Amino acid sequence: MHPKYILISDAKTPRTGTFVYGMVGLHEELRDQFEKTHGYGKMHGGGWYRKDDAKRTMTLFGSSGDFGPANLLFLNRIPAELKGYTFYYSPGSNLPPNELDLEDVEWF
């Protein structure tokens, strides 16, 4: 199991991406989990993450082998349990991350 995330939209709100994350073997497991609850989902990529509860940071990395790199324009909805975390993105673990703007994010 590995820390992976995807960005996915449901059919009712195709321009609004939801951040789905968890410990899985494949990114498609996150998609399947989302689709069981919400129906068909339009994928906007994914990657892997590092969550630091002590520092309250979530760093997103890389690209999903199943769905390609994350289109961060679809980072619109984030689970409420992550509210207060600072989100960062880096294309790879050897590069410094950049802080993401979460001003317009919906916490659900």
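Can you help me understand the nonpolar core in this one?
In a soluble, globular protein the nonpolar side chains are often hidden away together inside. If you look at the biggest cluster of nonpolar residues, it comprises 17 residues, and the most contacted ones within it are Tyr-5, Phe-19, Met-58, Leu-60, Ile-78, Leu-82 and Phe-87. Counting residues per element, the ones that place at least two in this core are strand S1 (2-10), strand S2 (18-24), strand S4 (57-61) and strand S8 (86-90). Discounting chain neighbours no more than four positions away, the residues touching Met-58 are Phe-19, Tyr-21, Tyr-49, Arg-50, Lys-51, Leu-82, Tyr-85, Thr-86, Phe-87 and Tyr-88. By size, the runner-up hydrophobic cluster in this structure holds seven residues, among which are Ile-8, Val-24, Leu-30 and Phe-34.

Would you mind going over the pattern of salt bridges with me for this structure?
It is possible for side chains bearing opposite charge to pair when their charged atoms get close. In this structure the tally under the stated criterion is three salt bridges. Its salt-bridge partner being Arg-31, residue Asp-32 comes within 3.0 Å of it at the nearest N-O pair. Judged by relative accessible area, which is 33%, Asp-32 ranks as partly exposed.

Help me out: how do you make sense of unusual backbone geometry in this one?
Residues apart from glycine generally show negative phi values, whereas peptide bonds are mostly found in trans. Although it is not a glycine, Arg-56 adopts a positive phi angle of roughly 55°. Counting through the fold element by element, Arg-56 comes out in the loop between strand S3 (41-52) and S4.

How should the layout of surface pockets be read in this particular structure?
Empty space among the atoms can be located by rolling a probe the size of a water molecule over them. Taken as a whole, the largest pocket spans an internal volume of roughly 190 Å³. Of the residues belonging to the lining of the largest pocket, the class tally is six nonpolar, one polar and three charged.

Looking at this structure, I do not really get the pairing of S4. What am I missing?
A regular strand places its side chains so that they alternate between the two faces of the sheet. Burial analysis of S4 places five of its five residues in the buried class, which makes it a mostly covered element. Residues Thr-57, Thr-59 and Phe-61 line one face of S4 and the alternating positions Met-58 and Leu-60 line the opposite face, and both faces are buried. Note: S3 against S4, five bridges, orientation antiparallel. The residue bridging Arg-50 from the neighbouring strand is Thr-59, located in S4. With five bridges connecting them, S4 and S8 associate as parallel partners. Within S8, the residue paired with Thr-57 across the bridge is Thr-86.

Rules and cut-offs
Residues numbered from 1 in each chain as written. Predicted model: local features only at pLDDT ≥ 70, side-chain atom pairs only at ≥ 80, totals over all residues. Heavy atoms only, no water. Core = buried A, V, L, I, M, F, W, Y, C linked by side-chain atoms within 4.5 Å. Buried < 20%, exposed > 50% of the residue type's maximum accessible area, 1.4 Å probe, protein only. Helix = DSSP H or I, 4+ residues; strand = E, 2+ residues; numbered from the N terminus. Contact = heavy atoms within 4.5 Å. Salt bridge = Lys/Arg side-chain N within 4 Å of Asp/Glu carboxyl O. 1 Å grid on protein atoms, 1.4 Å probe; cavity = no way out; pocket = protein on both sides within 12 Å on 5 of 7 lines; lining within 4 Å. Points joined across faces, edges and corners; volume = space filled by probe spheres on them. Nonpolar A, V, L, I, M, F, W, Y, C, P; charged D, E, K, R; others polar. Pairing = 2+ DSSP bridges.

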